[in-house]
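Coordinate analysis (summary)
What follows is the residue order along each chain.
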Amino acid sequence: MSFVTSNLGASKVLQAATRPRSLLRYLSTSSAALRPAMTPLLLRGQFQPTLAQQQRQEKQIRHSTQTQVREYSSRPADADHHHVRPKVTLATLRKLHKRNEPITVMTAHDFPTGTLVDKAGIDMTLVGDSLAMVALGYTSTSEITLEEMLHHCRAVSRGTRSSFLVADMPFGTYETNPDQAVSNAVRMIKEGKVEAVKLEGGKEMAPTIARLTQVGIPVLGHIGLTPQRQASLGGYKVQGKTVAKAKAMIDDALALQQAGCYAVVLEAVPAPVATHITNLLSIPTIGIGAGAGCSGQVLVQQDMLGLYGRVPRFCKTYRSLADDIVGALKEYSADVKSGTFPAEEHTYPMPQEELNRFMEFVGRQDDEAVNGNSSNAAAGHA
Amino acid sequence: MTAHDYPTGTLVDKAGIDMTLVGDSLAMVALGYTSTSEAVNNAVRMLKEGKVEAVKLEGGKEMAPTIAQLTKVGIPVLGHIGLTPQRQASLGGYKVQGKSVAKARAMIDDAIALQEAGCYAIVLEAVPAPVATHITNVLSIPTIGIGAGAGCSGQVLVQQDMLGLYGRVPRFCKTYRALADDIVGALKEFSADVKSRAFPADEHTYPMPQEELSRFLQFMSADKVVAEKARIADNQ
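Computed from a predicted model, the values in this text were never measured in an experiment.

What follows deals with the interface of chain B and chain A. On the chain A side, the residues contacting the 81 residues of chain B number 97 residues. Between chain B and chain A lies a buried interface of about 7900 Å² when both sides are counted; carbon and sulfur atoms form 68% of it. Taken together, chain B and chain A are joined by 9 salt bridges. Between B:Arg177 and A:Asp324 there is a salt bridge; the shortest N-O distance is 2.8 Å. Linking chain B with chain A are 25 residue pairs in polar contact (both at pLDDT 80 or more), by the criterion used here. For the side of chain B that touches chain A, the secondary structure elements donating two or more residues are helix H1 (6-14), helix H4 (101-117), helix H5 (129-138), helix H6 (159-162), helix H7 (179-195), helix H8 (210-219) and helix H9 (222-235) of chain B. Ranked by residues supplied to the side of chain B that touches chain A, first place goes to H7(B) with 15 residues.

Take a look at the structure:
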């Protein structure tokens, strides 16, 4: 459609006309002076909302002008919701995938890390069991328990408003049988307050995943280098480097899609294999060390911020925070040792009158101490 | 300096800080214990299961008997008076304490009682400097100040506050970095890289042995992809 515009106001309307919801809101807030000029454009048939569309739009405007908007029951209402981006849902992820816009995913493990990921506008937050190592200092991800995981999920959830929130099911909580997986996944959703769960495994996990998706629990699959199984894979090695292994991985991916996964994580897989899988699937792939052909990318926050130490090849470091923080702590230490900190501005004053009285009191205490000592001394010398 | 997990604890240690405090959320609740033995049991758990070396409790002379019991069984205790956050509601909010002579004198009595009960040091929080300095001079154990002036034997801050991670910080906290902004900036750079497909680049990606790659490329030639997709669509 081509539009002829004669002034800024009109062109705004025409832009808005391609987004019906904002058009009506614009009209309802625009000045009366502007309105008469716009109406002819509308009536010219450039934009004719159906009755159903109009009703939907009005409902959306009413909804958005209320101070309490509940998009998802575990998210507290935000008083100034105008500044919070729309909640990312599975529908959002599908839209991104459909228009070939890469999906961003980042890990978080507590309230501040979760808040920052949300603030940065990341599409999906993952409470990864990598936190076992990077946050808790365990030597492997297999050591973390469900209770620990739930604790971290809750903390991240308190900092998450818009990002879609998914969490790893810890090793040992889903492999025994589908019943076990369902009851633990339900705990993750109810007590952990996350929206979806991630499990590692290929076609052998398909029946379990099918059960979960059937009861309405969204599942993010994970194949390739699956850290919980690194021992049986012979270490943290790239997977799918041979045609045979690649074909097996393709079968796994298809099985996971069939079981109802909304997306699949591909970890440490050669790019051609990952790209091929991405093209075959109708659900998104989220890559980590799997090349730019995936539908999205995920990294571990501590790795990309340079907080943890040596990072894997596939991780780009955006900062060197470990060094930065140690530097800041050393500055604090030097300030304290030298008496520079705290300074005046860091200290609380006392009302002058009270201060005088207090100094008098202190003076009396000192006198008593001195007199006491002299009389003792006198007695001692006797 | 406070720490609450593995990385924050590691960094405090690396920076050569004298004492690490696993702060507030794990501090023992001074009120609500029906018996001293309950306090002892929980402190023992902190040491055995929490793997810390000492515990901090909030409260003044009224906590002295409990603290005496803990130190008697060999559990080191760090006292805490002044603005005690766990009791902020009864103190009328997060307000400076000891601003009047009467309150200051009560605080001095508290400090002496805690020393007598065996505390190895006492945290003074949000107290005017003259009062804190006087208490420091009167005691034979160290005072650790936070918002209590430079006359204390030591200082403590909350790591997230001094790194600018949390938000609005109290007056007494000096911010050494603005990490919240820095990290959001880094995350936004990652986001932009992903959206533009600038990340991952070649150096972030795993190669496939050339021979396998050739075979794989044959396998995945275009018409085969189309055929496979069609087959999948039919099956679903």
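To continue, consider the side chain of A:Asp118. Residues and elements named next belong to chain A. As for its position among the elements, Asp118 is in helix H6 (residues 111-119). Judged by its relative accessible area of 10%, Asp118 is buried. A polar side-chain atom of Asp118 sits 2.9 Å from the main-chain amide nitrogen of Ser163. When near neighbours in sequence (up to four residues on either side) are disregarded, Asp118 contacts Arg85, Gly159, Thr160, Arg161, Ser162 and Ser163.

Among the structural elements, A:Thr347 can be located in the loop between helix H14 (321-337) and helix H15 (352-381). Here the side chain of A:Thr347 touches A:Ala343 through a polar contact of 2.8 Å, landing on its backbone oxygen. When neighbours within four sequence positions are excluded, A:Thr347 is seen to be in contact with A:Pro342, B:Ala129, B:Ala148, B:Gly149 and B:Arg171.

A word on the domain arrangement of chain A. Note on interface size: it is often stated as the accessible area lost on association of the parts. Taken domain by domain, chain A consists of domain 1 (4-79), domain 2 (86-316) and domain 3 (348-381). Put simply, the middle of domain 2 of chain A and the middle of domain 3 of chain A, counted by C-alpha atoms, are 66 Å apart.

So, on to the pattern of salt bridges. The final tally for this structure, using the stated rule, is 21 salt bridges over all chains. Across the pair A:Lys198 and A:Asp168 runs a salt bridge, and its minimum N-O distance is 2.8 Å. Pair noted here: A:Lys198 is in strand E4 (residues 196-198) and A:Asp168 is in strand E3 (residues 164-168), with a separation of 30 residues, a long-range link. Exposure class is identical for A:Lys198 and A:Asp168. Each is buried. When the shortest N-O distance is used, the salt bridge between A:Lys337 and B:Asp18 registers 2.7 Å. Remark: B:Asp18 occurs in the loop between H1 and helix H2 (36-48) and A:Lys337 occurs in helix H14; the pair is interchain, linking two chains. B:Asp18 gets classed as exposed once you look at its relative accessible area, which sits at 66%. One salt-bridge network, held together by shared partners, links A:Arg99, A:Glu101, A:Asp123 and B:Lys195.

Turning to the packing of H6(A) against H7(B), a few remarks are in order. Their axes nearest at 9 Å, the elements H6(A) and H7(B) cross at an angle of 50°. The orientation of H6(A) relative to H7(B) falls into the category oblique. With respect to the hand of their crossing, H6(A) and H7(B) are arranged in right-handed fashion. Across the interface between the two elements, A:Leu116, A:Val117 and A:Lys119 from H6(A) touch B:Ala180, B:Ile183, B:Val184, B:Leu187 and B:Lys188 from H7(B). In terms of residue class, the contact of H6(A) with H7(B) is built from 6 nonpolar, no polar and 2 charged.

Let's shift gears to the sheet that holds E4(A). Residues and elements named next belong to chain A. If you walk around this closed barrel you meet the 8 strands as E1-E2-E3-E4-E5-E6-E7-E8, and the pairing is parallel. Across the sheet, the axes of successive neighbouring strands diverge by a mean angle of 25°, strand direction being ignored. Examined bridge by bridge, strand E7 (residues 285-288) and strand E8 (residues 296-299) share 2 bridges and lie parallel to one another. Pairing of Ile286 across the sheet is with Gly296, part of E8.

About the cut-offs
Position numbers for residues start from 1 in each chain and track the written sequence from start to end. Chains and ligands are labelled by the order in which they are written, letters from A for the one and numbers from 1 for the other. Predicted model: local features are reported for residues with pLDDT of at least 70 only, side-chain atom pairs are reported and counted for 80 or more only, and whole-chain, interface and lining totals are derived from all residues. Just so you know, side-chain values use all the structure's heavy atoms and leave hydrogens and water out. Throughout, a contact is declared for two residues whenever any of their heavy atoms are within 4.5 Å. Computed with a 1.4 Å rolling probe, the buried area is the accessible surface lost when two parts are put together, summed over both parts. Salt bridges, as used here, are contacts in which a Lys or Arg side-chain nitrogen is within 4 Å of a carboxyl oxygen on Asp or Glu. Polar contact is the term for a pair of N or O atoms within 3.5 Å; when the atoms are in protein, one must be able to donate a hydrogen and the other to accept it, and sequence-neighboring residues count only if both atoms are side-chain atoms. Only DSSP runs of H or I covering at least 4 residues are called helices, and only runs of E covering at least 2 are called strands; the numbering of each starts at the N terminus. The cut-offs for exposure are 20% and 50% of the maximum accessible area for each residue type, with area from a 1.4 Å probe on protein chains only; residues under the lower value are buried, those over the upper are exposed, and the others partly exposed. Domain start and end points were adopted from an automatic or database domain assignment. Each axis is a line fitted through C-alpha atoms, and for a helix only the stretch in contact is used; angles between axes span 0 to 180 degrees, taken between their N-to-C directions. Throughout this description, any angle smaller than 35 degrees is read as roughly parallel, any larger than 145 degrees as roughly antiparallel, any in the 65 to 115 degree range as roughly perpendicular, and the remainder as oblique. For a crossing to be left-handed, the near helix must be turned anticlockwise from the far one by less than a right angle; the clockwise case is right-handed. Charged residues are taken to be Asp, Glu, Lys and Arg, nonpolar residues to be Ala, Val, Leu, Ile, Met, Phe, Trp, Tyr, Cys and Pro, and polar residues to be all remaining types, Gly included. Two strands are said to pair when DSSP picks up at least two bridges between them.

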